[in-house]
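# Coordinates in review
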Amino acid sequence: MQFPDLFSFASSIMPAYTSNGFPNPLFQFQVEPQFQEVSLKSTSFSNNSTSDEADEQQQSIINERKQRRMISNRESARRSRMRKQKQMHQLRLQVVCLRNENQQLRDELNRVSENHEQALQENAQLKEETSEFRQALTDIQLNSPYTSFQQLDDDLCNNLVCTN
């Protein structure tokens, strides 16, 4: 921003000094040229002032936009943080649920495995008993005077009927 040259204006209304330091008695005011210069300078000051005001207004608009953008960015960042926090909370809940489900599945697997082991043991025991019974039956058949079960059946029925 430019200001009018006040010192040139002041020197024109001050008395002129000679080389000996005393005021020149022939001092005359030069008003018209100075006013003309001042009016030209004030016009350029006015133009500069208008230009400066426009620059300031433009800078104000730019600053306002920056401020709004900064506020918008802060709000967007806040929403983003809230969204991330919500996602983290949901993921933590999901982790808890999945851990519980995992524990339940492990418990069920252990129960089924125990039942399977029991069934295998019972099956082995039953197979062993079956094998023992077959062996006993084979021994009975070899040592028996009966050649077939039918004969044994008939004899048992006859004995039961006879004794009753």
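Residues numbered from 1 in each chain as written. Predicted model: local features only at pLDDT ≥ 70, side-chain atom pairs only at ≥ 80, totals over all residues. Heavy atoms only, no water.

### Here's the deal with the overall build of the protein chain
Just so we agree on the cut-off: Each helix corresponds to a stretch of at least 4 residues labelled H or I by DSSP, and each strand to a stretch of at least 2 residues labelled E; elements are numbered beginning at the N terminus. Here's how the labels work: a residue is buried when its accessible area is under 20% of the maximum for its type, exposed when over 50%, partly exposed in between, all with a 1.4 Å probe on protein chains only. Surface accessibility follows the Shrake-Rupley procedure with a 1.4 Å probe radius. Residue values consider only the protein chains on display as shielding.
For the protein chain, the helix and strand inventory stands at three helices and zero strands. Scanning the protein chain from its N terminus toward the C terminus, one meets helices and strands in the order α-α-α. Residue burial in the protein chain is summarised as follows: out of 164 residues, 2% are buried. With the model as given, the accessible surface of the protein chain reaches about 15100 Å², and the carbon-plus-sulfur share is 55%.

### A look at a positive patch on the surface
Heads up, the condition is: Patches draw on residues past 30% relative accessible area with no salt bridge. Two like charges within 9 Å are joined, as are two nonpolar side chains (Val, Leu, Ile, Met, Phe, Trp, Tyr) within 5 Å. Any carboxyl oxygen of Asp or Glu that lies within 4 Å of a side-chain nitrogen of Lys or Arg is treated as forming a salt bridge with it. The sign given to each residue is positive for Lys and Arg and negative for Asp and Glu; His and the chain ends receive no count. Lysine's charge is taken at NZ, arginine's at CZ, aspartate's at CG and glutamate's at CD.
Judged by side-chain charge, Arg65, Lys66, Arg68 and Arg69 come together as a positively charged surface patch. Along the chain, lysine 66 falls in helix 2 (residues 31-143).

### A word on the confidence of the model for the protein chain
Defined as follows: pLDDT: the predictor's confidence for each residue, scored from 0 to 100. Contacts: residue pairs with any heavy atoms within 4.5 Å of one another.
Taken residue by residue, the protein chain gives an average pLDDT of 77. The fraction at 70 or more is 63%. The secondary structure element of the protein chain with the lowest average pLDDT is helix 1 (residues 6-13), at 48, and the one with the highest is helix 2, at 87. Contacts for the low-pLDDT stretch residues 6-14, under 50 throughout, to residues beyond four places or in other chains number eleven contacts.

### With respect to the pattern of salt bridges
All chains considered together, the criterion is met by three salt bridges. For the salt bridge of glutamate 75 with arginine 78, the shortest nitrogen-to-oxygen distance reads 2.5 Å. With glutamate 75 and arginine 78 both in helix 2 and three residues apart, the pair spans about one turn of that helix. When the shortest N-O distance is used, the salt bridge between arginine 79 and glutamate 75 registers 3.9 Å. Of this pair, arginine 79 and glutamate 75 both sit in helix 2, four residues apart, which is roughly one turn of the helix. When its relative accessible area of 43% is taken as the criterion, arginine 79 is described as partly exposed. Residue classification places glutamate 75 among the partly exposed residues on the basis of a relative accessible area of 31%. The network of salt bridges with common partners includes Glu75, Arg78 and Arg79.

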